[in-house]
Amino acid sequence: MTQAKDEIKIGGLGASRKRVEDNRFIRGKGRYVDDIVLPGMLHMEILRSPVAHARITSIDTSKAWTIPGVRLVLTGEMMAARNLAWMPTLSYDTQAVLATDKVRFQGQEVACVIADDPYIAKDACEAIVVEYEPLPVIVNPTQALADGAPVIRDDKENQPDNVAFTWEVGDRQGTDDAFAKADLVSKLDLHYPRSHPSPLECCGSIADFDRSTSKLTVYMTTQAPHIIRAAVALVAELPEHMIRIISPDLGGGFGNKVPVYPGYVMSILASILLERPVKWIEDKSGNLISTGFGRDVYLHGELALRKDGKILAVRMHTDSDHGAFFADAQPSKFKIGLMHSTFACYDVPTAHLTARGVYTNKAPGGVAYRCSFRVTEAMYFQERMVQAAADDLGMDQAEFRRRNFVRDDDFPHRTPFGFLTDSGQYNKCLDVGLEAIGYADFLTEKAEAKKRGRLLGIGISTMTEPLGAGNSREYDILGIKMFDSAELRVHMTGKAILRTGAKSQGQGHETTWAQIVAHELGIPADDITVEEGDTDTAPFGMGTYASRSTPVAGAAVAMVSRKVRAKARKLAAHLLEVSEEDIEWELGRFYVRSAPAHGVTIQECAMAAYSNMPDGMEPGLENVSYYDPPNLTWPFGCYIATVEVDPQTGVWDVLRMVAVDDCGVRINPMIVEGQIMGGLTEAYAMASNQFITFDAQGNCVGSNYMDYMLPTAWETPGYELHEVVTPSPHHPIGAKGVGECATVGGPAAFVNAVLDAIRDTGVRNIDMPLLPDRVYEALTKRHDVSGAPPVRTDDDA
Ligand code: PCD
Ligand SMILES: [Cu+]
């Protein structure tokens, strides 16, 4: 039997093990929702609203019903009769499943058809006649908050206006006092535009209700299957044990697959009514127009500064555009996610944040798009404010950061908004980055280039972000506490199966979780099957988003392995005929302290658990662990970009991009690097090109991939990756989350670099995306370029 000595050889911690899931993915053998075909399956299509705000005066479905092959046509009225026209959102709001009274955004679900094939269903949707009485359309917070603005959510009681919520955190008085004493106040207004997660695979579901067993099985694209099961149990009033949610292979999630979409609900109802499996596969344009968006937040930020560069206080106000329903997934205590994790890496004595969310006639936004609950906005705002402050002080941007970083010996550190950061070596990270980019040399090169009319710039972004909600004391979604789980069963030959409450969408959990078990038990990773996403077999978990899997489910994997090891130790004592206290552990093997050659492998212990256990011991070798983390993990990132801006056109090119990530102990360095490269590419896309915008009528512009850029290998800059390792002091293997870091920290590096290149113009801000015409405008007109990019109408052509 194998005896593990070399951890890397068995695919343990730190091994860049090839991703086991890719074996099936690259052979086209993945099993996505759309690959699943059930006997007798019907197909559902959704009719979406062509207008953004209108009263529905009539819906005539009679013609649709006459089309051969049509089995069911659902309207809001029929949903209402079953009390299902509205559903709760993850933020204690309500959301229309099918519109009854009004449509509130372009692309909203108005009706759906279930038919023998998807084409019939689509044709039948087109045969439905809906009469709309147009209402004034609101597409941004200014319009939403204007006097006399039409109230979008007139379905709600006590909703006289378009304010979805107001929220504040921090010390208002202390902050005011600090500002009164400041030598300088640096101010900045920013917009983080609406962006779209754009996973390759859109959303979809197959609901299969079996009347004979009363069991409802739903295959669906969800990042959080257990939450969906709870929601279905509570909303549809079905018994929880009769609901089985299966999230098979997912073609990317990026937060897009966290919310509960009307399509899921309608396919479930249709299957119950028809007693046949009903499949709904969202198409790309439906996904691009109506699915959960990210960002769309406006900031007014102020820093109180001392002459020597010390930040005395932070003041922030955000206005966020949530679209027609407040549907964000976020811990219930926090209305604007973890926006207040901003400035966590800086030693800021006091701060105050006010936030206001508004309803507009846009698809519900605020989905976690690689944002760990709006941390993306928080850190973008922070790093843009930091650069502006350094400029206002006339101080070097690296030096300004150094003067304000939390010191290495100051952990755990209480942030001005009350978080407790766990660890970090911020100066070291920055130094590694500056060294890699050749900071001093670049500044010389830049000055030289300027003499010849070339515009070079360098942008830095440094941030620590909170990954891994809970702890359950502070973090919950709709009252369900945030923790996670793992269940490990070791078979008699020493092979094992591991199940967790997380759900990989491409991150590689099948590979990395096995590495944690290998590290804890010495069982080769190749001997461990990892399974996720089936609520009938996986232990309860809160799912995968906010880069919480490694901090929480990953910790549970380590903990359950340790429980199994504790039992294996008893078996070892029995086999070695010594007492437990006389036994030592090395990777994969127990041995007698006084006679190290005398030992048994973990595999031998496993066999004994089924064939030779001591009297009175329960057979088998398995356990389950529910892990409630004591704190979030706080990875750190330092991103440095250098760019050249063409003064003739405003086009800018990335010369170099250096990323230094500290995510504690890396389970699989290759996967971590992949996560960072993917994240940087999304950051680059948002900084340079990507935005979803709307015309005055609320038409979603950019709802196709001609307009909405997904960078290809051609546009994507090269990345130079470096690492610093500060293990999380409370995580069982010292790991921190990393999945979102580069998307969170990346954008500000690119934007800061372009602004640095054109610093002589006095321009302090260009809002993302930094399209060439916006950069050109800033360069030539010497003014800030703010807000969403203007929409070209036919009149401009
Ligand atoms: N230290 C460390 C950390 C980590 N890791 C790895 O890496 C990964 C990741 O992790 P994390 O950080 O923990 O995270 P998760 O939880 O798992 O995941 C999540 C994330 O993830 C990312 N990434 C990705 N990738 C892919 N491929 N796909 C996808 O979809 C995605 N998504 C995105 C997102 S957006 Mo949200 O949902 O917005 O909230 S959140 C998110 C995994 O595999 C793990 O294991 C390692 O190795 N080490
Ligand atoms: Cu997120």
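Residues numbered from 1 in each chain as written. Chains lettered and ligands numbered in written order. Predicted model: local features only at pLDDT ≥ 70, side-chain atom pairs only at ≥ 80, totals over all residues. Heavy atoms only, no water.

Quick word on the domain arrangement of the protein
Moving on, step 1. What the domain assignment reports for the protein is domain 1 (22–30 + 484–627), domain 2 (33–135 + 202–249 + 257–290) and domain 3 (297–469 + 631–796).
Moving on, step 2. Relative placement of domain 1 and domain 3: their C-alpha centres are 39 Å apart.
Moving on, step 3. Opposite the 21 residues of domain 1 that make contact, domain 3 presents 20 residues.
Moving on, step 4. It is A546, S547 and P551 in domain 1 that bury the most area against domain 3; as a group they hold 33% of the surface buried on that side.
Moving on, step 5. At the boundary of domain 1 and domain 3, one finds zero salt bridges.
Moving on, step 6. Linking domain 1 with domain 3 are seven residue pairs in polar contact (both at pLDDT 80 or more).
Moving on, step 7. Only α14 (509–521) and α15 (549–576) provide two or more residues apiece to the side of domain 1 that touches domain 3. (Domains from an automatic or database assignment. Contact = heavy atoms within 4.5 Å. Buried area = accessible area lost by both parts, 1.4 Å probe. Salt bridge = Lys/Arg side-chain N within 4 Å of Asp/Glu carboxyl O. Polar contact = N/O pair within 3.5 Å; in protein donor to acceptor, adjacent residues only side chain to side chain. Helix = DSSP H or I, 4+ residues; strand = E, 2+ residues; numbered from the N terminus.)

Observations concerning the nonpolar core
Moving on, step 1. Counting residues in each nonpolar core, the largest one holds 127 residues, and the members touching the most others are F343, Y545, V645 and W652.
Moving on, step 2. A total of eleven residues in this core trace back to one element, the largest contributor, which is helix α18 (residues 741–757).
Moving on, step 3. Apart from the residues within four sequence positions on either side, W652 is in contact with V643, E644, V645, Y684, A687, S688, F750, V754, L770 and V775.
Moving on, step 4. If you look at the next biggest cluster of nonpolar residues, it comprises 48 residues, including L13, L576, C605 and A735. (Core = buried A, V, L, I, M, F, W, Y, C linked by side-chain atoms within 4.5 Å. Buried < 20%, exposed > 50% of the residue type's maximum accessible area, 1.4 Å probe, protein only.)

A short note on the site of ligand 1
Moving on, step 1. Around ligand 1, 38 residues are found, and the nearest of them are A368, R370, A546, Q675 and V738.
Moving on, step 2. In the environment of ligand 1, an oxygen atom lies 3.2 Å from a nitrogen or oxygen atom belonging to the side chain of Q505.
Moving on, step 3. E740 places a polar side-chain atom, nitrogen or oxygen, 2.9 Å from an oxygen atom of ligand 1.
Moving on, step 4. Mapped onto the shell around ligand 1, the elements with two or more residues apiece are α14, α15 and α17 (669–688).
Moving on, step 5. Of the residues belonging to the shell around ligand 1, the class tally is 15 nonpolar, 18 polar and five charged.
Moving on, step 6. For the shell around ligand 1, the two domains that each supply at least three residues are domain 1 (22–30 + 484–627) and domain 3 (297–469 + 631–796). (Near = heavy atom within 4 Å. Nonpolar A, V, L, I, M, F, W, Y, C, P; charged D, E, K, R; others polar.)

Brief notes about the pattern of salt bridges
Moving on, step 1. Here the structure, examined in full by the defined rule, presents 64 salt bridges.
Moving on, step 2. A single salt-bridge network, built from bridges that share partners, covers R55, D93, D101, K102, R104, R153, D154, D155 and K156.

With respect to the sheet that holds strand β23 (residues 484–490)
Adjacent strands of a sheet pair through backbone hydrogen bonds, lying either parallel or antiparallel.
Moving on, step 1. Here we have four strands laid out as an open sheet, ordered β25-β24-β23-β29, and mixed in their pairing. Both edges of this open sheet fall to β25 (528–532) and β29 (622–627), since each of them pairs with a single strand only. This sheet shows a mean twist of 15° between the axes of neighbouring strands, independent of strand direction.
Moving on, step 2. Of the pairings in the sheet, the one linking strand β24 (residues 496–500) to β25 comprises five bridges and is parallel in character. Across the sheet, T500 pairs through a bridge with E532, a residue of β25. (Pairing = 2+ DSSP bridges. Axes fitted to C-alpha atoms, helices over the stretch in contact; angles between N-to-C directions.)

Remarks on the sheet that holds strand β27 (residues 589–592)
Moving on, step 1. Strand order across the open sheet formed by three strands is β26-β27-β28, with antiparallel pairing between neighbours. The sheet is open, and its two edges are formed by β26 (583–586) and β28 (595–601), each paired on a single side. Within this sheet the neighbouring strands show an average axis-to-axis angle of 35°, counted without direction.
Moving on, step 2. Note that β26 and β27 share four bridges and pair antiparallel. For E586, the partnering residue across the bridge sits in β27 and is R589.

Some thoughts on the packing of helix α11 (residues 397–404) against helix α12 (residues 426–437)
Moving on, step 1. Running from N to C, α11 and α12 point in directions that differ by 165°, and their axes come no closer than 10 Å. What the angle tells us is that α11 and α12 run roughly antiparallel. At the point where α11 passes α12, the crossing takes the left-handed sense. Seen from α11, the contacting residues are A398, R401 and R402; seen from α12, they are N427, L430, D431 and L434.
Moving on, step 2. The residue makeup of the contact of α11 with α12, split by class, is three nonpolar, one polar and three charged. (Parallel < 35°, antiparallel > 145°, perpendicular 65-115°, else oblique. Left-handed = near helix turned anticlockwise from the far one by under 90°.)

Considering the coordination of the copper ion (ligand 2)
Note on metal sites: the ideal angle is 109.5 degrees for four tetrahedral donors, and 90 or 180 degrees for six octahedral donors.
Moving on, step 1. Looking at the copper ion (ligand 2), the protein donor atoms are C371 (N), C371 (SG), S372 (N) and E740 (OE), and they sit 2.4 to 2.8 Å from it.
Moving on, step 2. Each donor residue of the copper ion (ligand 2) lies on one chain, and together they are spaced C-S-x367-E. Of this pair, C371 sits in the loop between β17 (350–358) and α10 (375–393) while E740 is found in the loop between β34 (720–723) and α18, placing the two residues 369 residues apart along the sequence. One exposure class covers both C371 and E740, and it is buried. (Donors = N, O, S within 2.8 Å, 3.2 Å for Na, K, Ca; no water.)

Brief notes about the UniProt feature "domain: Aldehyde oxidase/xanthine dehydrogenase a/b hammerhead" (unreviewed entry) in the protein
Moving on, step 1. According to UniProt, the positions carrying the feature "domain: Aldehyde oxidase/xanthine dehydrogenase a/b hammerhead" (unreviewed entry) are residues 27–136.
Moving on, step 2. Overall, residues 27–136 shows 18% helix and 37% strand. The separation of its end C-alpha atoms is 51 Å. (UniProt positions renumbered as here; feature names shortened; annotations may be inferred.)

Some words on the state of the cysteines
By definition, a disulfide links the sulfur atoms of two cysteines through a covalent bond.
Moving on, step 1. Enumeration according to the criterion identifies zero disulfides in this entry.
Moving on, step 2. Just so you know, C112 is unpaired, no disulfide at all, and the nearest cysteine sulfur is the one on C125, 7.3 Å from it.
Moving on, step 3. Residue classification places C112 among the buried positions, given a relative accessible area of 0%. (Disulfide = S-S within 2.5 Å.)

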